[in-house]
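So the chains spell out like this:
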Amino acid sequence: MIWKSGPTDAPLPPLADGSFLVGSMQAMLSDPTDFMVKQYQKFGPIFRIKALNNKFTVIAGPEACLFLAREASKHLSSWDTWHSLDAEMGASQSLISVDGEQHSRLRALEKRGYSRQTIETQFPAVLNVINGFLDQWPVGTSQVTVPQLQRLITDELGMLIAGQGPGEYIDDVRTFVRIALMTHITRQRPGFLRLLPQYRRARDRSLELSQKVLDAHRNGKRDPNRPPSLIDDIIAATNDPTLMPEGDLVMTALGPYIAGLDTVANTMSFLMYVLTTKPELYKQVEAEADALFANGVPEPADLRKMDVLHRVVLENFRMYPIAPAVPRTVKAPFEFGGYRVDPGTRMLVATTVGHFLPELHPEPEKFDIDRYLAPRNEHRIPGAFAPFSTGSHTCLGAGLAEVQIMLTTAALLHYAKFEADPIDYKLKKVFAPTPAPDNSFKLRFVKRRNH
Ligand code: HEM
């Protein structure tokens, strides 16, 4: 084991590359994943980063994944990172900000609403949303990929989990989440942005959307044929104010509208970049998609059999992880890799550094879907593949997200033909706050193939 609990006299971890004045800020802003991989290769699985006034200790790679999975509850806390966001929305706590017993209780409460079954029981409704989205996109025109897919994905999740899409509120939710995450969590932007009227209006309108969703459920407008949703579950849980205080409902009900914005939508934007710039793969996935829809609405079991698409999705998760690292604060001291980590230290657990290490994934820069075939099975090597993080806070929507990505991609390729615009687009990533292709990447809707 390369860690041990308790205080120690070991030295502080080495300081990562950077300039005297701004530290590693430039490198962290332009490509944090690449920077942390290089520092891992130079210093090993622990190092410190200074970026202007922000100081972090980073633990990285497979060692960090194992630590997060096994030791996090004893040594790390999510509260100091996330609680200011709860407060911003008038809530006392949230699933992502609490740890220990309270975290387990909230996770059990929200599990059903965010489960894979939530989407697997509603394929026809998802396909309706996708067809409606295509109907509103004039054939022959191009749209900036990320915002366009954010709209689609959030419509799907809102409908699936909360009974309605965000409608006219989508831009407010987008603005609110972007600024809130970049000022509270990644701290890429100064906090005064939250004083701007544009931000305050976006926040208030987002909370208004959430309140409307709660009202609709309370007024009994829920379809009795549908199983209880996340919103029904959290309203019912207010019977126990130690679990779900009334004042936390509005923030919690906004979850479905936030959950996919910087995660599924960005992942799918990378995926569409991969497919539209690799015609051979596009053709294979299109053929699989046509077979999937040959008899109408597919069954979940049929979707799981889409071998090429599944491996494309895995390789896309590996090469373009939208959460390169997860933030925590140290609550109890420990030693890691021969260096000390003191209480109060802000940490980044760089769970996806392993995705780019040649000892785990040979030729890591190559998009290679055969990595996931036996005997290679590179995604099963411990600590080598963690797009959804690991440990107690592992993404609760991982199963749902994977099905959503598979179904949405299959449907888009079956119902329509897309091209990259410009046709020779070269990937340029932006980190705002999570990685995505930049706004010069558009998708051209070439033709409708099926309805
Ligand atoms: C490509 C898609 C997605 C990726 C890569 C992703 C990744 C992540 C990551 C890295 C975390 C933080 C884990 C940590 O702090 O250790 C997280 C947490 C979470 N995610 Fe996702 N996510 C995705 C989609 C979704 C979707 C679609 C939903 C719900 C519909 C969702 C719901 C959640 C929830 C509720 C948490 C908090 C879990 C907890 O704190 O216990 N995610 N996700």
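In this report, the structure presented in the accompanying data block is examined. From a predicted model like this one, the values you see are computed outputs, not experimental measurements.

1. Thoughts on helix 11 (residues 230-237)
Right, on to step 1. Taken across its eight residues, helix 11 has seven buried, putting it largely inside the fold.
Right, on to step 2. Inspection of helix 11 places Leu230, Ile231, Asp232, Asp233, Ile234, Ile235 and Ala237 among the buried residues, and these make up the whole buried set.
Right, on to step 3. Here the buried face of helix 11 lies against helix 5 (100-111), helix 8 (145-162), helix 10 (197-218) and helix 12 (249-259).

2. As for helix 5
Right, on to step 1. For helix 5, built from 12 residues, the straight-helix expectation of 16 Å at 1.5 Å per residue is met to within 8% by its first-to-last C-alpha distance of 16 Å.
Right, on to step 2. Where helix 5 is concerned, the buried positions are Gln102, His103, Leu106, Leu109 and Glu110. Taken down its axis, helix 5 places every buried residue within 125 degrees of arc, on the same side. Along helix 5, exposed side chains directed more than 90 degrees from the buried face belong to Glu101, Ala108 and Lys111.
Right, on to step 3. Where helix 5 is buried, its residues touch helix 11 and helix 12.

3. Digging into the coordination of the iron atom of the ligand
Right, on to step 1. In this structure, the iron atom of the ligand receives exactly one donor atom from the protein: Cys395 (SG), at 2.3 Å.
Right, on to step 2. Along the polypeptide, Cys395 turns up in the loop between strand 9 (346-350) and helix 17 (398-415).

4. A few points about the environment of Pro166
Right, on to step 1. Among the structural elements, Pro166 can be located in the loop between helix 8 and helix 9 (170-185).
Right, on to step 2. Judged by relative accessible area, which is 3%, Pro166 ranks as buried.
Right, on to step 3. Residues Pro166 and Gly260, spaced 94 residues apart in sequence, show a C-alpha to C-alpha distance of 12 Å.
Right, on to step 4. Dropping the residues within four chain positions of it, Pro166 is found in contact with Thr154, Asp155, Leu209 and Tyr257.

5. Side note on the pairing of strand 10 (residues 416-421)
Right, on to step 1. Residues Ala416, Phe418 and Ala420 line the buried face of strand 10, whereas the alternating positions Lys417, Glu419 and Asp421 sit on a face that is not buried.
Right, on to step 2. Where strand 10 lies against strand 13 (residues 442-448), six bridges are found, and the strand directions are antiparallel. Residue pairing for strand 13: Lys417 is matched across the bridge by Lys447.

Parameters at a glance
- Residues numbered from 1 in each chain as written.
- Predicted model: local features only at pLDDT ≥ 70, side-chain atom pairs only at ≥ 80, totals over all residues.
- Heavy atoms only, no water.
- Buried < 20%, exposed > 50% of the residue type's maximum accessible area, 1.4 Å probe, protein only.
- Helix = DSSP H or I, 4+ residues; strand = E, 2+ residues; numbered from the N terminus.
- Contact = heavy atoms within 4.5 Å.
- Expected span 1.5 Å × (residues − 1).
- Arc of directions from axis to C-beta.
- Donors = N, O, S within 2.8 Å, 3.2 Å for Na, K, Ca; no water.
- Pairing = 2+ DSSP bridges.

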